[in-house]
Amino acid sequence: MLKAKDKGIRKYTERFFTWLRDYAYDRVLKLIIKWRYIVIGIPVAMMVITGGLIGGQLIKTTFFPRMEFDSFDINIAFTPGSGERQTMAYLERFDSIVWVVNEELKEEYNDSLDIIENSTIQLGSGFGRSESGAHTGSVGVSPRNSEETGISSFEIIQKIRQKTGTIPEAEKFTIGASRRRFGNPVSIGLLARNIEELELGRNFLFGKLQELSQLKDVVNTNSLGKQEILLKLKPKAYMLGFTESSIANQVRQAFYGGQAQRLQEGRDELRIWVRYPAEGRERLGQMEKMKIQTPQGVYPLTELVDYEMKRGPVNIQRFNSKREMRVDADMIDPDASVTDVLTQIKMEIIPELNLLYPGITVEFQGQQKESQRNMDDLMVLFPLAFLGIIFILMINFKSFEQPMLILIMIPISILGSIWGHGIHGKPLSILSLWGIVALTGVIVNDAVVFLAKYNLLIEQGGKVKESIIAAGKSRLRPIILTTLTTSFGLFPLILEKSFQAQFLIPMAISLVYGVAFGTMFILLFFPALILVLNDFRKVIRELWHGRKFEREEVEIAWRHAQRKIDNTDHSHDYE
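For clarity, every value in this text was computed on a predicted model and none was experimentally measured. (Residues numbered from 1 in each chain as written. Predicted model: local features only at pLDDT ≥ 70, side-chain atom pairs only at ≥ 80, totals over all residues. Heavy atoms only, no water.)

Draft legend 1. Main features of helix H13 (residues 401-423). Over its 23 residues, H13 extends 35 Å from the first C-alpha to the last, a length consistent with the 33 Å expected when each residue adds 1.5 Å. At the exit of H13 stands Gly425, carrying a positive phi of roughly 70 degrees. (Helix = DSSP H or I, 4+ residues; strand = E, 2+ residues; numbered from the N terminus. Expected span 1.5 Å × (residues − 1).)

Draft legend 2. Local environment of the side chain of Asp535. Topologically, Asp535 is positioned in helix H17 (residues 526-545). Those residues within four positions of Asp535 in sequence are excluded, and the remaining contacts are Arg36, Tyr37 and Arg551. (Contact = heavy atoms within 4.5 Å.)

Draft legend 3. Focus on empty space enclosed by the protein. Under the criterion given, the structure shown has two cavities of 30 Å³ or more. There is about 80 Å³ of room inside the largest cavity. Across the lining of the largest cavity, the residue classes break down as four nonpolar, one polar and three charged. Quantified by volume, the second largest cavity comes out at close to 30 Å³. Lining the second largest cavity are Gln402, Leu405, Leu451, Tyr454, Ile530, Leu533, Arg537 and Glu555. Counting residues per element, the ones that place at least two in the lining of the second largest cavity are H13, helix H14 (430-459) and H17. Grouping the amino acids of the lining of the second largest cavity by side-chain chemistry returns five nonpolar, one polar and two charged. (1 Å grid on protein atoms, 1.4 Å probe; cavity = no way out; pocket = protein on both sides within 12 Å on 5 of 7 lines; lining within 4 Å. Points joined across faces, edges and corners; volume = space filled by probe spheres on them. Nonpolar A, V, L, I, M, F, W, Y, C, P; charged D, E, K, R; others polar.)

Draft legend 4. Layout of the packing of helix H15 (residues 464-495) against H17. It is the contact of H15 with H17, at a shortest axis distance of 10 Å, that shows an interaxial angle of 160 degrees. Taken together, H15 and H17 sit at an angle that is classed as roughly antiparallel. The crossing of H15 and H17 is right-handed. Of the residues in H17, those in contact with Val464, Lys465 and Ile468 of H15 are Pro527, Ile530, Leu531 and Asn534. In terms of residue class, the contact of H15 with H17 is built from five nonpolar, one polar and one charged. (Axes fitted to C-alpha atoms, helices over the stretch in contact; angles between N-to-C directions. Parallel < 35°, antiparallel > 145°, perpendicular 65-115°, else oblique. Left-handed = near helix turned anticlockwise from the far one by under 90°.)

Have a look at this one:
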C-alpha cells in the first residue's frame, strides 16, 4: 500500500516536472531568446526600482538589527549630592509602574501568568555602572520569554515609558538595555584640547539631538562630580610668595585636618590631626573668616584669593591624546534606519557645530564605528574570495568572458536578498552582508552548472540557440531542487523568535531570498546573457576578420573541440 502511494506521488511529481520542462519552460526560453535584449533590460530596471525602494525608506538600512534582550533597565541620575531620598522615591515609583504594566498586559493578552518575572531596585549604581553614588540608581526588569508570551521587550518598554513620562528634574533618564552588543545606535564623540570649548560643543550637540523626533534617551556619558571650590590667587598672594598649592594646603588642613604628630603606644600607632572645631567648619561661608598664615603675619583668605563653586568631572576620558566628551542616543523606532538619522546629523548638525566651535573634532562611535570595522574586514576578505572564484572559473572554462558572465549574476541575485528584507520588514544591516557573501557561492554554483552543460552541447556539435534551450531544460530540475532544499531548510530560522536566532535571521533572509530569486534570474535571464555575449563575439570577429562567422564558430567550447579534433588528426598522421 505504501509503495503504491509512493509511486502515485512520484508519478505526479514526474508529470509536473515534465510539463514544466517540456512545455512551460521550453516556450519561455524560446521567447527569451527571441526578445533577449528586452529581457536583459529587466534586471537593470529592477536595480533602479530597488534603489528607489531603499532611497524612499520602504526598505530600510541600519548598521545592526535590533536585538530583543531578556531583560532591561530603567536608569536615572540626578545632580550629584542631591541625596538618596529623592532617588529612592523615583526608583520605587518606576518599580510600581512596572507591575501596573504587568497587570495591563495580562489582561490585554488574557494571560494568567505574570508577564514580568521579577524586578530589582538598585540604589547607587546606574547606566551600566558608569554612574555611581546616592544620586543615581536603576530598576532591573526581567520579562518572561517572548517566545512564550508573544510580547516583545520593546512593547513592554514603550508602555512603561508612556506611564513614566518625561522627568525634567533628572540629569539622565533611560529605559532599555544598559549595554549593547554593538554599541549605541547614535554615539558621537567630541574631541578637543580646550575644555571650555568642549563643554560648549557638548551642550550644543546635546540640545540638537534632543530636538530630533527620531531619537530618545539622549544622554551625556561624562558624569558630573560633586561641588568643588576653585581658588584663584590675587596679585597680593603672589607678592607674599604664595602658590595655589600652598594656600590650598592651609585650607585643607583647616577643614579636613593636617597630621601634627605620630605616637607609638605599644603595638598601636596614634596619629594626631589638627583642624578647626566642628562649629568652625559647618558652613561654606565660614571660609570667608579664615586666616592664612604668612611670614609677614596673618591675612584673611578673601584678601588673597577669589573662589567659586563648580562641579568637577568624575573621570577624564581621552581619545587620540585629546579630551573626549560623548553624547549617546537611542532610536524611538527600533526598526528605523540608523543610517538615515546619522546622515541627517552629519548634514545638518555637525557643520553648524564645526562653524561655532572650530577646535572640536567629531568622531562617530557606537554602531557606526563597529560597522566600519566589520566593513573593513569585509573589504579585505571578500575581494580575495572573489579573485579566487574568478581564477578557478577561468581555469575551468579556459575563458575570460564566460566567468564574467557568471559573476554578473551575483549583483542581480542580491536584489532578491534586498527584497526579502522588505518582505519581512527587516532593515538591511552588516549581518545581511555576511549572508550575501555566502549567497555568492550558491549562485555561482548554479550558473556554472548551466554554462557547463551549454559548453558540452556546443562541443558535441549543437547549435547555439538549440544548445541554450537544451541546457536550460536539462538543468532545470537540479537547479530548482537545489533552491528548494536550501530555502526550505533555512526558512524556519527566519521565523524563529529566540534571542540567539536574532543574529542569524538577517543572514538567513539574504541567503533564502537571494537563492530563490537568483535561481529565477539564472533560469530566465542567464540564457539571454549567453546569447547576447555570442552576438557580441560574432560582431567583433566579423569586423576583425572581414568575413561572416557562424554562431558556433565564435564559442570557446567549439574552438576547444576543433583543437581536440586537430590534435587527434595530427596524432593519427604521426602514427
